[in-house]
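Examining the three-dimensional arrangement
Chain by chain, the residues run as shown.
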Amino acid sequence: MAEEHDELLNEDNGSQETIKKVTGMYKDWFLDYASYVILERAVPAIEDGFKPVQRRIMHSMKDLDDGRYNKVANIVGHTMQYHPHGDASIADAMVQIGQKDLLIDTQGNWGNILTGDRAAASRYIEARLSKFALDVVYNPKITEWQASYDGRRKEPINLPVMFPLLLAQGGEGIAVGLSTKILPHNFIELIDASVKHLKGKRFTILPDFPTAGIADFSNYNDGLRGGKVRVRAKISQRDKNSLVITEIPFSTTTSSLIDSILKANDKGKIKIKKIEDNTAAEVEILIHLPSGLSPDKTIDALYAFTNCETSISPLGCVIEDNKPYFVGVTEMLRRSTDNTVELLKSELEIRLGEFQEQWHFASLERIFIEKRIYRDIEEEETWDGVIEAIDKGLQPHIKHLKRKITVEDITRLTEIRIKRISKFDIDKAQQKIDALEDQITEVRHHLANLIDYAIAYFERLKKEYGEGKERKTEIRIFDDVDATKVVIRNTKLYVNREEGFIGTALKRDEYVCDCSDIDDIIVFTNNGKMMVTKVDSKTFIGKNIIHVAVFKKKDKRTIYNMIYRDGKGGPSYVKRFAVTSMTRDREYDLTNGNKGSALWYFSANPNGEAEVVSISLRQVGSIKKLKWDLDFADVLIKGRASKGNIVTKYAIKRVELKEKGVSTLKPRRIWFDDTVQRLNVDERGELIGEFRGEDRLLIISQSGIVKTIIPELTAHFDSDMIVMEKWIPNKPISAIYYDGEKERYYVKRFLIDQEGKEESFISDHADSQLEIVSTDWRPIAEVEFTKERGKERKPNLEVNLEEFISVKGINALGNQLTKDKINQVSLLESLPYEAPEEVHADDLEVVDEETVDLGSMSDSNSEKSTNEKTNDDDDLDTDDQGQVTLF
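This is a predicted model, so every value here is computed, not measured.

**What about the packing of aromatic side chains?**
Taken as a whole and assessed by the stated rule, the structure comprises 21 aromatic pairs. Ring plane angle 70° and centroid distance 6.1 Å describe the contact between F217 and Y220, whose orientation is recorded as edge-to-face. Looking at F217, the relative accessible area reads 7%, which means it is buried. On the basis of relative accessible area, Y220 is assigned to the buried category, the value being 3%. Ring geometry for Y560 against F602: centres 5.9 Å apart, planes inclined by 25°, an arrangement best described as stacked. Of this pair, Y560 sits in strand β27 (residues 559-565) while F602 sits in strand β30 (residues 598-605), and the two are 42 residues apart along the sequence. You'll find Y560 and F602 in the same group, each marked buried. These aromatic residues form a ring-pair network of at least three members: F132, F163, F187 and Y465. Lying across the ring of F326, R225 places its NZ or CZ 4.8 Å from the centre.

As structure tokens, this is what we get:
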């Protein structure tokens, strides 16, 4: 408050009121509130992995546990004895625990993490503790207790959890000033990692999500702040016009996923015909595509523009010693494992004490009855006399005991009933004492070998509870999706060449092509200027536009051919270049920069085509040669800033196209990166081969499916792919397969007649399966026969598949391999064969470097220029469509 006076006289009632500044009060109250939310509501404890409400739920369930199901409403009501909040927060927390399917055995409708459907009301659903929870969460003898919020009951400070529960379940909470997001990990992998830690070995743990999916953990950062996990839905091609989603990313539901797909479709980012949600126990979302749309590009577009790919930022924050503590998952596991060892030690020590006490009293009882000491108290009239008499009677026989006899021990002896004394069996008593001694020895052995005991404990948990808890999320490194390459062209681009405008709103002007709202556009004008700009409704570039196209990044195969005049009366030059780096909305001069420069000829060539043009000169003076042909194939490809080679110093009348060109580029070399399961031209992975425009890839899967595809970098590949290579049409495919209907093995050799069609080359019986497949020219197979009872195994059979069967149609059954039972079939080294040499393209190519040495031209009027401009350093890349403009 602004007032400085501490007191104010109230004139109305004559009383004196004290004014207090509230600054300090707000500060204290806020800190108290923030501390309460952090410690008592939002963040789990590192000791047991529970938030307070979860701990109270688990404690209440143990209170009520009798082996039968309890109504959740009843459990919630019981929990309210310990939890100072409403029933709704308790019920929601309990449903979240139940949906993780680890600690609570559920019955009824508990909701669906896949669809996002909520659980039924708590009065309709039931729960009880799982066997796992009873095994690892509770032990009242080693639990520390505290008073509940109202002081009426006792609740655990922490439950003695002997398992890395926080990492198995994950945890998320938003407090005041901080938050936590610990991702769930795999049950079996956590146990394996704990065992490795106990053995002193290194370990790595990665999240495993209940919704499965595919995840890239390369930037996980051990679950600390700043890490990132990319999660994708599992999408596969059902047929040429439909896709199916069978697993969804963590933190999404089928409803939210479908909503994001429909929203992207409405915005024109993707194009779908219809979407169906058939999800029940398992996810199945069918996406129907319009005919002619590439399924592979649509899959990439779904990852780029919808929730089919999400990014999760983990943040490991826990409570330790009543303070928030930021820690990675590796350290969390170490702490949890070490804590488990300490709890096991405490448990063993308590058990040892109990066994020793049992042994002590069993020994006293035997002495008391066997030596008839109970008769010594018959004459005693006082309690002290009874105690003293028993103590005196025991003294000669207690030298072997581990501790002194106490009054409590003697009191217990006096409580033995006469019936038990009369039926006392010395042999049975000794057997009991011997059994206790064995148990004491065993516990002491465990304490002496505590680490081995802890390892055995974890291995028992894995054996008893690990079934069905295998990893669900596939670990993979993702290749980034270039949104500009997969976005649907949802609008049309127009140009007004004379006025110099381009845009999507110029519908009365010339149509150029379809484009998307995230595309860049490359534009050339007749004065040799070039610019790359974002798609917009209307953009001014410069008058007399000669070429407009969508700009594609990192495309070095699009080559621009150009002849220009340097200044008003200067010589003319020819150049070929690729546009590989640019800054958006910056104007570039492709000529020598002199005023009055103009283009004589320009063409854009998507595959580096080099045409032949005729050049005609004006009749000036004594020029002898007025017309000749220029072949762009004789001009080397340079950087865009190169000056070019001189064509002539005389005035050109016109330049005309004489002959369309063919590509001057070498076939494209394509690699396959098995890590990300994608094709690339960046020399990552295994080289597949060199591909021209018409070349295709051969794909064979373990399920007996064969197809040929164009090697597009956006292509996706199934997990059961066993063959990927450059397709040679006249090279036969050899296969040995088991026919489920005929129960025989068959051999077949075939060629692919219909390129681009997916076909099965084994029978469609459920038991049919492919044994081996080879794309070698002359493969050899080895057959190992099954040993019959009472007979010697037949020697292995070598089969030359080329001689065994001739090449037939893909649908042919093939020849039966043998009538005998087969153990296995394997491929041997193929016979030598000299394949026909492949015809290579001309030895010209676009190289990766920005600048290339200039070459000379073999024309009588040509001169070599030594004057070149330097390249500009920018950040965009381009490509364009193959249209030709003449001047």
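**Some words on the nonpolar core**
In terms of nonpolar packing, the biggest core is built from 97 residues, with L103 and F163 touching the most fellow members. By residue number, the principal contributor to this core is helix α10 (residues 329-370), which donates 16 residues. When residues no more than four places from it in sequence are discounted, the contact partners of L103 are F50, M58, I97, R128, L129, S130, F132, A133, V137, L165 and Q169.

**Some remarks on helix α15 (residues 450-465)**
In this model, α15 (16 residues) spans 22 Å end to end at C-alpha, consistent with the 22 Å of a helix rising 1.5 Å per residue. Among the residues making up α15, those that are buried are L450, Y453, A454, I455, Y457, F458, L461 and Y465. Where α15 is buried, its residues meet α5 (131-136), α7 (187-198), α10 and α14 (426-448).

**Section: the sheet that holds strand β37 (residues 678-680)**
In space, the 3 strands of this open sheet follow the order β37-β36-β38, with antiparallel pairing throughout. At either end of the open sheet lies a strand with only one pairing partner, and these are β37 and β38 (686-691). Pairs of neighbouring strands in the sheet enclose a mean axial angle of 30°, with direction left out of account.

**Digging into a positive patch on the surface**
Taken together, the side chains of K485, K534, K553 and K554 define a basic patch exposed on the protein surface. Among the secondary structure elements, K553 is positioned in the loop between β26 (545-551) and β27. Classification of K553 by relative accessible area gives partly exposed; the value is 31%.

**Focus: the pairing of strand β7 (residues 154-158)**
Of the pairings in the sheet, the one linking strand β6 (residues 144-147) to β7 comprises 4 bridges and is antiparallel in character. The partner of E144 across the bridge, within β7, is N158. Counting the residues in the hairpin turn of β6 and β7 gives 6 residues, including G151, whose phi is positive at 80°.

**Remarks on the side chain of H446**
Tracing the chain through its elements places H446 in helix α14. Apart from the residues lying within four places of it in its own chain, the contact partners of H446 are L348 and Y453.

Definitions and limits used
- Residues numbered from 1 in each chain as written.
- Predicted model: local features only at pLDDT ≥ 70, side-chain atom pairs only at ≥ 80, totals over all residues.
- Heavy atoms only, no water.
- Phe/Tyr/Trp six-rings, centres within 6.5 Å; stacked < 30°, edge-to-face > 60°.
- Buried < 20%, exposed > 50% of the residue type's maximum accessible area, 1.4 Å probe, protein only.
- Helix = DSSP H or I, 4+ residues; strand = E, 2+ residues; numbered from the N terminus.
- Lys NZ or Arg CZ within 6 Å of the ring centre and 35° of its normal.
- Core = buried A, V, L, I, M, F, W, Y, C linked by side-chain atoms within 4.5 Å.
- Contact = heavy atoms within 4.5 Å.
- Expected span 1.5 Å × (residues − 1).
- Pairing = 2+ DSSP bridges.
- Axes fitted to C-alpha atoms, helices over the stretch in contact; angles between N-to-C directions.
- Patch = residues over 30% accessible without salt bridge, like charges linked within 9 Å, V, L, I, M, F, W, Y side chains within 5 Å.
- Areas by Shrake-Rupley, 256 points an atom, 1.4 Å probe, with all protein chains shown as cover.
- Salt bridge = Lys/Arg side-chain N within 4 Å of Asp/Glu carboxyl O.
- Lys, Arg positive; Asp, Glu negative; His and termini not counted.
- Charge placed at Lys NZ, Arg CZ, Asp CG, Glu CD.

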